Amino acid sequence: ETAAYTKENELQNLLAESPGLISISDVREGAGSLVAAVREFALPIGYIDLLAFSAEGDIAVIECKLASNAEAKRKVIGQVLEYGANLWQMSYVELDQGIRTRSGASLVELMENTAPENWDEESFRSNVETALADGNFILVIVVDVINDELARIVRYMNATGNQGFD
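Asker: Talk me through the packing of aromatic side chains; I want residue IDs and the actual numbers.
Answerer: The final tally for this structure, using the stated rule, is two aromatic pairs. Consider the rings of Phe-53 and Phe-124, whose centres lie 6.3 Å apart with planes at 65 degrees: the pair is edge-to-face. With a gap of 71 residues between them, Phe-53 in strand β2 (residues 46–54) and Phe-124 in helix α5 (residues 121–134) connect regions that are remote in the sequence. For the pair Phe-53 and Phe-124, a shared accessibility class is recorded, and that class is buried. What links up through ring pairs into an aromatic cluster is the set Phe-53, Trp-119 and Phe-124.

As structure tokens, then:
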């Protein structure tokens, strides 16, 4: 649903507290619900608004924009792709260190606090390592109001992109 926000960080806070609000299964068949998120994850080129994880090890790169932001058009597509490219081939250790720096907890500690009871740490870690090595990320753009131009670009990329690109 569309909701009016006056500041981008209000939208980020909502999603960081409740990452499951993003229906990942609508984006990628078989992907688990997002259960943990880290705000403002640092990369050499900037900060990912939210870096979120499913209990299975799916990684979502989430960029939030308000309709009032001029970047909520074409520029946000390049931004989210650039974040994915900078995560690609990062080691699990580097990822974990960045999460520790930002949140004060390791990725495993974040997951232990939010994942379902039957969470499998070994499988999770292995899937995260594979996703990082392969660049297999779920790229998500969250806007308070989507404009026609951005909607068309996203539909185009989803309909005509490489089969490995959701």
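Having seen it, we continue.
Asker: Would you mind going over the environment of Glu-122 in detail, with residue names and values included?
Answerer: Summarising the element assignment, Glu-122 is placed in helix α5. Along the chain, Glu-122 and Pro-44 lie 78 residues apart, while their C-alpha atoms are 29 Å from each other.

Asker: Can you explain the sheet that holds strand β4 (residues 138–143)? Please cite residues and give values.
Answerer: Taken in spatial order, the four strands make up an open sheet running β1-β2-β3-β4, and their pairing is mixed. The strands lining the two open edges of the sheet, one partner per strand, are β1 (34–43) and β4. Averaged over all adjacent pairs, the angle separating strand axes in this sheet is 30 degrees, with direction ignored. Here strand β3 (residues 59–65) runs beside β4; their pairing, made up of six bridges, is parallel. Its bridge partner being in β4, Val-61 is matched across the sheet by Leu-139.

Asker: A description of the pattern of salt bridges should follow, citing residues and the corresponding values.
Answerer: Enumeration over the complete set of coordinates arrives at three salt bridges. With its nearest N and O atoms 3.1 Å apart, the salt bridge here joins Lys-65 to Glu-63. According to the relative accessible area criterion, Lys-65 is buried, its value standing at 3%. Arg-125 serves as the salt-bridge partner of Glu-129, at 3.2 Å between the closest nitrogen and oxygen. One end of the pair, Glu-129, and the other, Arg-125, are both in helix α5, four residues apart, so they sit about a helical turn from each other. Classification of Glu-129 by relative accessible area gives partly exposed; the value is 36%. Under the relative-accessibility criterion, Arg-125 is labelled partly exposed at 34%.

Asker: Account for unusual backbone geometry, naming residues and giving values.
Answerer: For Glu-40, which is not glycine, the phi dihedral falls at a positive 55 degrees. Positionally, Glu-40 belongs in strand β1. Residue Gln-89 is not a glycine yet carries a positive backbone phi of 70 degrees. Inspection of the secondary structure puts Gln-89 in the loop between α2 (74–87) and α3 (92–103). The class for Gln-89 is exposed, based on a relative accessible area of 55%.

Asker: Residues and numbers for the nonpolar core, please.
Answerer: If you look at the biggest cluster of nonpolar residues, it comprises 30 residues, and the most contacted ones within it are Phe-41, Leu-51, Phe-53, Val-61, Leu-87, Leu-95 and Met-111. Counting residues per element, the ones that place at least two in this core are β1, β2, β3, α2, α3, α4 (107–114) and α5. Aside from chain neighbours lying at most four places away, what touches Phe-53 is Ser-33, Leu-34, Val-35, Ala-36, Asp-58, Ile-59, Leu-95, Ile-99, Leu-107, Met-111, Phe-124 and Val-128. In this structure, Leu-15, Ile-24, Ala-31 and Leu-50 belong to the second largest nonpolar core, which totals 14 residues.

Criteria and thresholds
- Here the residue index of a chain counts from 1 through its sequence in written order.
- It should be noted that, the model being predicted, local features are given only for residues of pLDDT at least 70 and side-chain atom pairs only at 80 or more, the latter also being counted only at that level, while totals for whole chains, interfaces and linings use all residues.
- Derived side-chain values reflect all non-hydrogen atoms in the structure, with water molecules and hydrogen atoms excluded from consideration.
- Here a Phe, Tyr or Trp ring, Trp counted by its six-membered ring, pairs with any other such ring whose centre lies within 6.5 Å, and the pair is stacked when the planes are under 30 degrees apart, edge-to-face when over 60, and tilted otherwise.
- Here a helix means four or more residues in a row that DSSP labels H or I, a strand means two or more in a row labelled E, and each is numbered from the N terminus.
- When accessible area is computed with a 1.4 Å probe and restricted to protein chains, residues below 20% of their type maximum are described as buried, those above 50% as exposed, and intermediate ones as partly exposed.
- Two strands qualify as a pair provided DSSP detects at least 2 bridges between them.
- As a rule, the C-alpha atoms of each element are fitted with a line to give its axis, helices using only the stretch in contact, and angles between N-to-C directions run from 0 to 180 degrees.
- Salt bridge criterion: a side-chain nitrogen from Lys or Arg within 4 Å of a carboxyl oxygen from Asp or Glu.
- Among buried residues, the Ala, Val, Leu, Ile, Met, Phe, Trp, Tyr and Cys ones that are joined through side-chain atoms within 4.5 Å form a nonpolar core.
- Any two residues whose heavy atoms approach within 4.5 Å are treated as being in contact.

The values are spatial; any link to function lies outside them.
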